[in-house]
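# Examination of the molecular architecture
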Amino acid sequence: MDLAYSPEYAAFRDEVRAFLDSHRDLAPPPMQRGKPSEQAKAWQQLLIEHGYAARTIPKEYGGYGAEPDILKSHIIAEEFGKARIRPGHDGDNRLVPTLLELGTEEQKRTYIPPTIRGEMTWCQGYSEPGSGSDLASLSTKAEVDGDDFVINGQKIWTSGAQYADMIFCLVRTEPDAPKHQGISYLLFPMDTPGIEVRPLVTMTGEATFNETFFTDVRVPTSQIVGRRGEGWFVANATLKHERGGLGDPNQAESRFHQIVEMMREETLDGEPLLSQATYRDRLVALQGQMLAMKFNGMRVLTHNVRDEEPGLPRWIVKLNGCELNHRMAEMAIDILGELGVLYPSKGFGGHRDEDVPYLRDAGFWQQRYMMDLGLIIGGGTAQIQKNMIGERALGLPKEPKVADPRFGGGAA
Amino acid sequence: MDLAYSPEYAAFRDEVRAFLDSHRDLAPPPMQRGKPSEQAKAWQQLLIEHGYAARTIPKEYGGYGAEPDILKSHIIAEEFGKARIRPGHDGDNRLVPTLLELGTEEQKRTYIPPTIRGEMTWCQGYSEPGSGSDLASLSTKAEVDGDDFVINGQKIWTSGAQYADMIFCLVRTEPDAPKHQGISYLLFPMDTPGIEVRPLVTMTGEATFNETFFTDVRVPTSQIVGRRGEGWFVANATLKHERGGLGDPNQAESRFHQIVEMMREETLDGEPLLSQATYRDRLVALQGQMLAMKFNGMRVLTHNVRDEEPGLPRWIVKLNGCELNHRMAEMAIDILGELGVLYPSKGFGGHRDEDVPYLRDAGFWQQRYMMDLGLIIGGGTAQIQKNMIGERALGLPKEPKVADPRFGGGAA
Amino acid sequence: MEFALNEEQRMLQESVRGYLEASCPLDRVRAAADAGDTRPADLWEGLVDLGVHAILVPEEYGGVGLGHLEAALVAECLGGAVAPVPYVGSSVMAPVALALAGSDAQKDAWLPRIARGETVFGVGVTEQIGSRESGGVAAAGGTLTGKAMFVLDGADADMLLIADRDGALHIARAADADVKRLPTIDRTRSTSEVSLEATAAEVLPGSTGSRAAVLATIDAGRTMLAADTLGAAQNMLDQAIAYAKERRQFNRVIGSFQAVKHLCAEMAAALEPCRSLVWYAAHASRAIPDEARLMACHAKAHLSEVGRFVARTATEVHGGMGFTDLLGLHYWFKRIGLDRQLLGAPEIVREEAATVQGWV
Amino acid sequence: MEFALNEEQRMLQESVRGYLEASCPLDRVRAAADAGDTRPADLWEGLVDLGVHAILVPEEYGGVGLGHLEAALVAECLGGAVAPVPYVGSSVMAPVALALAGSDAQKDAWLPRIARGETVFGVGVTEQIGSRESGGVAAAGGTLTGKAMFVLDGADADMLLIADRDGALHIARAADADVKRLPTIDRTRSTSEVSLEATAAEVLPGSTGSRAAVLATIDAGRTMLAADTLGAAQNMLDQAIAYAKERRQFNRVIGSFQAVKHLCAEMAAALEPCRSLVWYAAHASRAIPDEARLMACHAKAHLSEVGRFVARTATEVHGGMGFTDLLGLHYWFKRIGLDRQLLGAPEIVREEAATVQGWV
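Residues numbered from 1 in each chain as written. Chains lettered and ligands numbered in written order. Predicted model: local features only at pLDDT ≥ 70, side-chain atom pairs only at ≥ 80, totals over all residues. Heavy atoms only, no water.

## Considering the overall build of chain C
Heads up, the condition is: Secondary structure elements follow DSSP: runs of H or I of four or more residues count as helices, runs of E of two or more count as strands, with numbering from the N terminus. The size measure is the radius of gyration over C-alpha atoms, and the globule rule it meets is 2.2 Å times the number of residues to the 0.38 power. Burial status follows relative accessibility: with a 1.4 Å probe on protein chains alone, a residue under 20% of its type maximum counts as buried, one over 50% as exposed, and anything between as partly exposed. The contact definition used throughout considers only heavy atoms, calling two residues in contact when any of these lie within 4.5 Å.
Scanning chain C for helices and strands turns up 13 helices and 10 strands. In terms of overall size, chain C behaves like a compact globule, its C-alpha atoms giving a radius of gyration of 20 Å where 360 residues would be expected to give roughly 21 Å. Overall size of chain C, expressed as C-alpha extent along the three principal axes, is 75 × 45 × 40 Å. Burial status across chain C gives 70% buried among its 360 residues. Sequence separation of at least 24 residues holds for 75% of the intrachain contacts in chain C that already meet a minimum separation of 6.

## What to know about the side chain of Asp-164 of chain C
Residues and elements named next belong to chain C. Note the cut-off: His is not counted, nor are the chain ends, whereas Lys and Arg count as positive and Asp and Glu as negative. Salt bridges are identified by distance alone: a Lys or Arg side-chain nitrogen within 4 Å of an Asp or Glu carboxyl oxygen. Any N or O atom pair separated by 3.5 Å or less is treated as a polar contact, with the protein-specific requirement of one donor-capable and one acceptor-capable atom, and with residues adjacent in sequence counted only for side-chain atom pairs.
Residue placement: Asp-164 occurs in the loop between β4 (159-163) and β5 (169-173). Arg-211 provides the closest opposite charge to the buried, unpaired Asp-164, separated from it by 8.3 Å. Within the local environment of Asp-164, its side chain forms a polar contact with the backbone nitrogen of Asp-166, the two atoms lying 2.8 Å apart. Excluding residues within four positions of it along the chain, Asp-164 makes contact with Gln-128, Val-137, Ala-139 and His-170.

## Overview of the domain arrangement of chain C
Residue and element names in this part refer to chain C. This is how it is decided: In this entry, domain limits derive from an automatic or database-based domain assignment. In this description, buried area is defined as the sum, over both parts, of the accessible area (probe of 1.4 Å) that is lost when the two are combined.
We note that the domain assignment places domain 1 (7-115), domain 2 (121-207) and domain 3 (212-356) within chain C. Contacts between the two partners involve 24 residues from domain 1, matched on the other side by 22 residues from domain 2. Summed over both sides, the interface of domain 1 with domain 2 buries roughly 1,800 Å², with 66% coming from carbon and sulfur. One can count one salt bridge joining domain 1 with domain 2. Seen at the junction of domain 1 and domain 2, the total is 11 residue pairs in polar contact (both at pLDDT 80 or more). At the level of secondary structure, the elements contributing two or more residues to the side of domain 1 that touches domain 2 comprise α2 (26-35), α5 (88-101) and α6 (104-115). Ranked by the residues each element gives to the side of domain 1 that touches domain 2, the list is headed by α5, at eight residues.

## Re the interface of chain C and chain A
Reports of interface size often rely on the accessible area that becomes lost once the parts have come together. The interface of chain C with chain A comprises 54 residues on the first partner and 66 residues on the second. Roughly 5,000 Å² of surface becomes buried between chain C and chain A when both sides are summed, with 58% attributable to carbon and sulfur atoms. Summed over the three residues of chain C that lose the most area to chain A, namely Arg-132, Arg-312 and Phe-323 of chain C, the buried surface amounts to 18% of that side. Across the salt bridge formed by Glu-323 of chain A and Arg-312 of chain C, the nearest N and O atoms sit 2.7 Å from each other. On the surface where chain C and chain A come into contact, there are 24 residue pairs in polar contact (both at pLDDT 80 or more).

## Regarding the pairing of strand β5 (residues 183-189) of chain B
Residue and element names in this part refer to chain B. Let me state the cut-off plainly: One bridge is not enough; two strands pair if DSSP finds at least two bridges between them.
Most of β5 sits out of view: six of its seven residues are buried. Bridge count for strand β4 (residues 166-172) against β5 is seven bridges, and the pairing is antiparallel. Across the sheet, Leu-170 pairs through a bridge with Tyr-185, a residue of β5. Of the pairings in the sheet, the one linking β5 to strand β8 (residues 224-225) comprises two bridges and is antiparallel in character. Paired with Tyr-185 across the two strands is Val-225, which belongs to β8.

## Brief notes about the pattern of salt bridges
Enumeration over the complete set of coordinates arrives at 121 salt bridges over all chains. Between Glu-79 of chain B and Lys-82 of chain B there is a salt bridge, with its nearest N and O atoms 3.4 Å apart. Here Glu-79 of chain B pairs with Lys-82 of chain B, and both are found in helix α3 (residues 70-82), just three residues apart, close to one helical turn. Residue Arg-308 of chain D pairs with Asp-334 of chain B through a salt bridge whose shortest N-O separation is 2.9 Å. You can see Arg-308 of chain D sitting in helix α10 (residues 289-317) and its partner Asp-334 of chain B sitting in helix α10 (residues 317-336), one on each of two chains. Accessibility classification places Arg-308 of chain D together with Asp-334 of chain B in one group, the buried group.

## Section: the interface of chain B and chain D
Going by this rule: Lys, Arg, Asp and Glu make up the charged group, whereas Ala, Val, Leu, Ile, Met, Phe, Trp, Tyr, Cys and Pro make up the nonpolar group; the residues left over, Gly among them, are polar.
Contact residues are listed per partner, giving 66 residues for chain B and 54 residues for chain D. Carbon and sulfur atoms supply 59% of the area buried between chain B and chain D, which totals about 5,000 Å² over both sides. The three residues of chain B that bury the most area against chain D are Met-203, Glu-338 and Tyr-358 of chain B, which together make up 15% of that side's buried surface. The shortest N-O distance in the salt bridge between Glu-347 of chain D and Arg-282 of chain B comes to 2.7 Å. The tally of links from chain B across to chain D stands at 24 residue pairs in polar contact (both at pLDDT 80 or more). Sorting the residues of the side of chain B that touches chain D by element identifies β7 (209-220), β9 (267-268), α8 (277-305), α10, α11 (364-377) and α12 (382-393) of chain B as the ones contributing at least two each. Along the lines of polarity and charge, the residues of the side of chain B that touches chain D split into 34 nonpolar, 17 polar and 15 charged.

## What to know about the packing of aromatic side chains
We apply this condition: In summary, the pairing rule links any two rings of Phe, Tyr or Trp, Trp by its six-membered ring, whose centres are within 6.5 Å, and it sorts them by plane angle into stacked for under 30 degrees, edge-to-face for over 60 and tilted for everything else. Charge over a ring is defined by NZ of Lys or CZ of Arg lying within 6 Å of the ring centre and within 35 degrees of the ring normal.
One pass over the structure, following the stated rule, counts 40 aromatic pairs over all chains. Residues Phe-3 of chain D and Trp-279 of chain D carry aromatic rings whose centres are separated by 6.1 Å and whose planes lie at 40° to one another, so their mutual orientation is tilted. A residue pair is termed long-range when its members are at least 10 positions apart, and Phe-3 of chain D in the segment before α1 (7-23) and Trp-279 of chain D in helix α9 (residues 258-287) qualify at 276 residues. Residue Trp-279 of chain D is classed as buried on the basis of its relative accessible area of 7%. Each member of the aromatic cluster is reached from another via a ring pair, and the members are Phe-12, Phe-19, Trp-43, Tyr-52 and Phe-80 of chain A. Taking the ring centre of Trp-315 of chain B as reference, the NZ or CZ of Arg-314 of chain B above it sits at 5.7 Å. Positioned over the ring face of Trp-44 of chain D is Arg-39 of chain D, at 5.1 Å from the centre of the ring.

## Here's the deal with the environment of Gln-234 of chain D
Residue and element names in this part refer to chain D. Secondary-structure assignment places Gln-234 in helix α8 (residues 212-246). Separated by 158 residues in sequence, Gln-234 and Glu-76 place their C-alpha atoms 9.1 Å apart. The residues touching Gln-234, leaving out its near neighbours within four places in the chain, are Leu-271, Glu-272 and Arg-275.

## Overview of helix α8 (residues 277-305) of chain A
Test applied: Each helix should span, by expectation, one fewer than its residue count multiplied by 1.5 Å.
If you check α8 of chain A, its first and last C-alpha atoms are 42 Å apart, about what 29 residues at 1.5 Å a residue would give, namely 42 Å. Most of α8 of chain A is tucked away, with 23 of its 29 residues classed as buried.

## Overview of the packing of helix α12 (residues 382-393) of chain A against α9 of chain D
Between two packed helices, both the angle of their axes relative to each other and the distance between the axes serve to describe the pair. Quick note on the threshold: Angles run from 0 to 180 degrees between N-to-C directions of axes, and those axes are lines fitted to C-alpha atoms, restricted for helices to the stretch in contact. Convention used here: angles under 35 degrees read as roughly parallel, angles over 145 as roughly antiparallel, angles from 65 to 115 as roughly perpendicular, and any remaining angle as oblique.
Where α12 of chain A contacts α9 of chain D, the two axes come as close as 8 Å, and the packing angle between them is 80°. Compared by their axis directions, α12 of chain A and α9 of chain D come out roughly perpendicular. Together, Gln-383, Lys-386, Asn-387, Ile-389, Gly-390 and Glu-391 of chain A of α12 of chain A and Gln-258, Lys-261, His-262, Ala-265, Glu-266 and Ala-268 of chain D of α9 of chain D make up the contact between the two elements. Residues belonging to the contact of α12 of chain A with α9 of chain D are distributed by class as follows: three nonpolar, five polar and four charged.

The structure is reproduced here in structure tokens:
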């Protein structure tokens, strides 16, 4: 155990901090929806030049071209987070690694540079209304007609589809093959005729997602990544590189401290909430869970740095982290009592941004309470997460499968 | 809603109370293991005469011969419970109803009268080490040899086997039939040669159960109830009559009040435990659950009285009741702090009844903590209970079954 | 001994449920919520026709003089339908307080109008449970001054029933006060901030000297919020079961997966005893007065906890669809969320239950 | 930045684990527990040979001068093997207290003997956390009078280390006191009641004037109990997984049922982060002194809760077999049960954690 950073990394951290200090004025606001602004693009370009974005993407595709160094990447993320300054991006964290691994040279040169510069934005066309947990059962079909695929079907949860330039999309090209073997991975512009994007309002009242409909959308057959029928494996090839993501313990820690502050400041009958033993006990219990996940995250990081497979400590991050966030939102709402239910309309019925007196943190806790439940469900429901932990990490056998008559070759 | 009892039942309750007042000296101690004492048999006889035991069993088989009246039966149970006086019994609550429904006239006349008088005691031979939740997969076999079945195999959880006169036992008589159709229901004496009973110590340290081994045990083929191969249905025929049992809310209520008393009397640093807000909050939360189950029990009783199927309110009693009891034991242990772990050895390694200073309630709470976990597991694990609630009460479909190659005709 | 609804109670519930199924489907709820309308005239009148507001008004004042159990059955139906109408404040707490503590003149004036649905009362007692944001109202010389927070049904009210700092209850005209809607997650009911500045008010004479009247009023409100949650949670469970029987993944309906089946079973096991608890609490309010306060606390606290569990779990069973606005499941989710926080979140109510039993 | 065990730590853990697997199988545990023997000579000596008792003894006193993390790794192994030997009191809390607060003479006298396994200390600090049954010891003129409850490793002790009411720590000879074993559910370790009547005792000079020494001693004990629970719970989970892969019902191994699989996954998800928490708490005790107390509290409280959950759930996965004595699973169940209650059950420890942070 050595929780200090070696001089090399300490120096690197200083360098990042110094950069942030001297350039913070150039950074765009933390979260912005829609197409990147000119400021955002300039910021991203600056970050790439310094190696704080697109860090390991080769120079010939517009990246910084550094050797992978997980600890440095972690330091960059941590310092941008602490400074609350908008971090850079690596294009799209699914698309770009996929292209790097399996794209043609032409695809790499065409798509990666504008993507990492933020000049070309993407949305992901994976999920469908009929295929949630069972993603491989997707049914959007692409039939060959001359040199084109003709696409018909529907995708859901296509966030950013309303302003994306391009989509990377899984479609069924071989309907008679076993279900995992009939899928292809296509790239095409969102302004191709026949695409309709409809906003998908969620329980929070926001429309951050969309439904995307395809009617006779024609895409040249050359727009495929990998081979026909191999799209499932193309889409999953880069999954093993995915790190962090949902359940980030740093987020949980920062929310926890927000709750502590709230319990100091908010009063009930003039007494600060922190003086209530029952709330305090619940707070400390949550702190214990939060700390355990924080330290678990440090353990995962160490494994990653050593290029070891972290195993169980990584498998549990999403399940535990999302649950913990949800529990913290519950607690925040509870201690706020009646004030905890205040919420702006967020666009239901066309109302927006109405004035809500006494609203705390702009309704953050109710929004998180719902969003975190959405995250418990999304990206692999808690039930699917438990299957994966049981099967992949603990080695328990899979359930006997039921054959799917819609596809050839059984369910395997 | 009318929580009062009608004059007829109020009078009946008075009658029961008067009986208990005037006869309490004759009652044996509340719980006794082993063969019934002479006192216990005399007490049972007295209760039968007054209609407080074997109440609805026909007179010709030695019972009191009353019409079924669930409210009266409930009043009897309630009053005996409140007075903490040993109640009567109906013989064996599985065997006797089964004989009444499916036994031959000779079986009824032979077995029911001595059984309800306590002169003939029984143990149940259903479970096997290899067939827990999946009871129908039992493999103790009975092969016909002349006029006898020859039985080989092993039963487990045979409580009382060490002193029982008789056993009612499920055995596999048709090994090639589908698994539910190859079972027979036999009655035979426990002193039949080839039966060995070994005590089964549980985590509490007590040996209230046994393992029972059969080696070439010969039983006349006439000792069957119902027909060969129909034993599964014989054993289940009377399940629909079973009421109450595990998860009894009255028990939970009485334990709850014990905990409240403890929290008044026990101190930590001189302060009564009831003055700790965190414990108090947990106590009240448990009380809410306990009361909900108590009132649910009143609702079930009303359905039973009206001869309506109670449905969901009854399906959940075991699952919720056992869990609630377990949670209450947890709470009792927690509030007692270090004192909560004191426990007599109860027979592990031959030690017994050693002096344990500061022991509370003779180790009741630890014992219940373990026993209640045993009850969560036993009599249909919590997992099986949830399957049943999901499938039978909520109408969700069964899991696809996997065929069992050991038996003919698949798993259905 | 009969722990069950009688025929009249079942018929009442059937008629209210039937009316709401016909007149208040999800589209209607959505339209009202989108419009910010928490007292649509048609629904209000329909419920007037069913006699819903007359339940707790004594017969001599033009009501039907039924009990809290009947009112709870209605509350359950309203929660089940996420009906966008005033009820807990206007049609339960107000008539309960008036009948208990009003002068004859006050009863004559207001109870018949409540029963006929002509007057809607907003009820402000939050500060009796706990004050935040300097909430609290002082009475002096026939006037009220101060701020009452989270006044139930406040934005829909013609009249206000407000507790002062000592727990005495006062009637004031809504038009004389500054009533500001406090928008919450639940768009089907209104809660308001009421600011009073030497506002003319008339005290309920029976509510002074002791807190009995205001506490009984709060008890009634808590039991009704519990019943509302019961109805909403039952509806979510029913929707989840129906969805689990229909939705297919991995070539099976998802309800055949043990994980989903067990989630449904756990919801049912948690929720079913709640029904008995709500019935008992409502029944006790008149029949077993010694237990009335305690049972109202338990019903409120326990239903809040179970309601939260069911709201979350039923949403999970629906997968991504549960998270969207498409199925509208969130209307029930948020209804349960509001019920939980009004008139005391669980920890607060449990501490009151402990106090009632002399444990504090 | 390296949040991981180093090579030496892994080797230490491997050697202790390997020794216990070979020398302390379940039969051995059972025999010792049945005999009421919580310090079997062979196991004690075997652990002496491995240097286990020398870990926290500084090198100048014949120890190896390692840290709390190494001790926690040993505690984890002992919990995993339900090893019937003194440890948390004798080999952790005693040397920690002596090294911190002992005089040179006391250190010279006792630390080498602890390191060599020649002297076993019982440690009585329970009343510093909370007193029941009039527990508490007063010091006067080189003597102690009173009663110390739940003295760790007390029945196996040659010497006693007892906190007086002010938190000062005193050494006394076990033979001079009345040491009475307090039998608990866990037969693998001893806790005792120690009655003192003007018993000769020698104060640790560094333990007077402030409670720092006794608190650091308690912190060390709590972290070790957490590590013990970690080891025991991990072992129960491993047993449950192995059983779920082997036991067949309905013609499938039960681990292929989603319900059983999810129970195992939930245990793993709850337990795995506990390892990092225990490591951090043990590491912090020297490396990050500002956080040491808080992290010891968190490790103790959180492991107690997760330990209870795993103990119960792993037993459930074993079905009826888990409830019997046949598999001996209950030895781990009870070990976790004792760990939970010693040195403060969770609510008490969490309140201390709040106090440490200035929240009370």
